[in-house]
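Spelled out from the first residue to the last, the chains are:
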Amino acid sequence: IDNASFTSGALSFPNYQVNQEHDLVAALTDVDNRQLSNQAVGLTFKHMLSKVKFTITNGSSENLTMQVSDIKFTVKNQGTCTYNNSGITWSSLDESKDLVYAGTTSNVAKAASWTSADNLVIPGQTLDAIKATFTVTFYNGGAVFTTMNYTDVPLTLTSGSWQPGYIYNYTASPTPAMPYIQFKVDAVEGW
């Protein structure tokens, strides 16, 4: 990275923009090269980013198949990463970007699951503001049974926010409302 810098024991990546093609990894060590005597320096690289993916399970109580499409959410995609002995921090987050996930390519059977690819994201974002949308279509044979559009689905965690080096798998099990039969009496006849 062209503008990376190392000052006072801190490695900094200013105005880093997430690129889904490349992860951001770095390593720090407290080795004085005057004491090495041509020995190898051990480095432990850490991921500076997080990953987010989705697993959707067909929750149909009948023998319906399912397709998932249009999964997306908006995140901050640019910021300054600082890595030192205290850990990894991100600041000055900017540049909102829609992250879009490719949907299913074939029908998912009852009780089976589909898992998306993952996308790289900047950790530490305020998750309350991040909401996903997606569409689930259920099929009865080749005919559409129902389409369920989900909007403003929060991507929150039970505690904290996304942490560097972790993959977060958000899960859902959509269940279509099944039609029911209701009988009513139109006429009463004697025997």
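You'll find the structure just up there.
Okay, so let's go over this structure. Note that this is a predicted model, so its numbers are computed, not measured. (Residues numbered from 1 in each chain as written. Predicted model: local features only at pLDDT ≥ 70, side-chain atom pairs only at ≥ 80, totals over all residues. Heavy atoms only, no water.)

**Things to note about the overall build of the chain**
Move 1: Summing up its helical and strand segments, the chain has zero helices and twelve strands in all.
Move 2: The order of α-helices and β-strands along the chain, N terminus first, is β-β-β-β-β-β-β-β-β-β-β-β.
Move 3: Referenced to the eigenvectors of the C-alpha coordinate spread, the extents of the chain come out at roughly 110 × 30 × 25 Å.
Move 4: By the burial criterion, 32% of the 191 residues in the chain qualify as buried.
Move 5: Long-range contacts, defined as pairs at least 24 residues apart, comprise 68% of the intrachain contacts of the chain with a sequence gap of at least 6.
Move 6: Element-wise, carbon and sulfur atoms account for 47% of the exposed surface of the chain, whose accessible area totals about 12,100 Å².
Move 7: Once the 10 positive and 15 negative side-chain charges of the chain are each reduced to a mean point, those two points are 3 Å apart. (Helix = DSSP H or I, 4+ residues; strand = E, 2+ residues; numbered from the N terminus. Buried < 20%, exposed > 50% of the residue type's maximum accessible area, 1.4 Å probe, protein only. Contact = heavy atoms within 4.5 Å. Areas by Shrake-Rupley, 256 points an atom, 1.4 Å probe, with all protein chains shown as cover. Lys, Arg positive; Asp, Glu negative; His and termini not counted. Charge placed at Lys NZ, Arg CZ, Asp CG, Glu CD.)

**Some thoughts on the nonpolar core**
Move 1: The biggest cluster of nonpolar side chains holds 25 residues, and the ones touching the most others in it are V52, F54, F73, W162 and Y170.
Move 2: Contributions of two or more residues to this core are made by strand 5 (50-57), strand 6 (65-84), strand 7 (87-101), strand 10 (131-140) and strand 12 (167-172).
Move 3: For this core, the leading source of residues is strand 6, giving five residues.
Move 4: Grouped together as the second largest cluster of nonpolar side chains are 13 residues, V18, A26, W90 and L120 included. (Core = buried A, V, L, I, M, F, W, Y, C linked by side-chain atoms within 4.5 Å.)

**Digging into the packing of aromatic side chains**
Move 1: Overall, the coordinates contain eight aromatic pairs when judged by the stated rule.
Move 2: Between F54 and Y170, the ring centres sit 6.1 Å apart and the planes meet at 35°, which makes this aromatic pair tilted. Taken together, the positions of F54 in strand 5 and Y170 in strand 12 put the pair 116 residues apart, joining distant regions of the chain. When sorted by exposure, F54 lands in the same class as Y170, which is buried.
Move 3: Here Y166 and Y168 contribute two aromatic rings whose centre-to-centre distance is 6.4 Å and whose plane-to-plane angle is 40°, an arrangement assigned as tilted.
Move 4: Under the relative-accessibility criterion, Y168 is labelled buried at 14%.
Move 5: These aromatic residues form a ring-pair network of at least three members: F54, F73, Y101, W162 and Y170. (Phe/Tyr/Trp six-rings, centres within 6.5 Å; stacked < 30°, edge-to-face > 60°.)

**Observations regarding the environment of V144**
Move 1: Tracing the backbone through its elements, the reader meets V144 in strand 11 (residues 143-154).
Move 2: Look at V144 and you get exposed, because its relative accessible area is 51%.
Move 3: With 79 residues separating them along the chain, V144 and T65 place their C-alpha atoms 9.6 Å apart.
Move 4: Residues within four places of V144 in sequence aside, it is in contact with T137, F138 and Y139.

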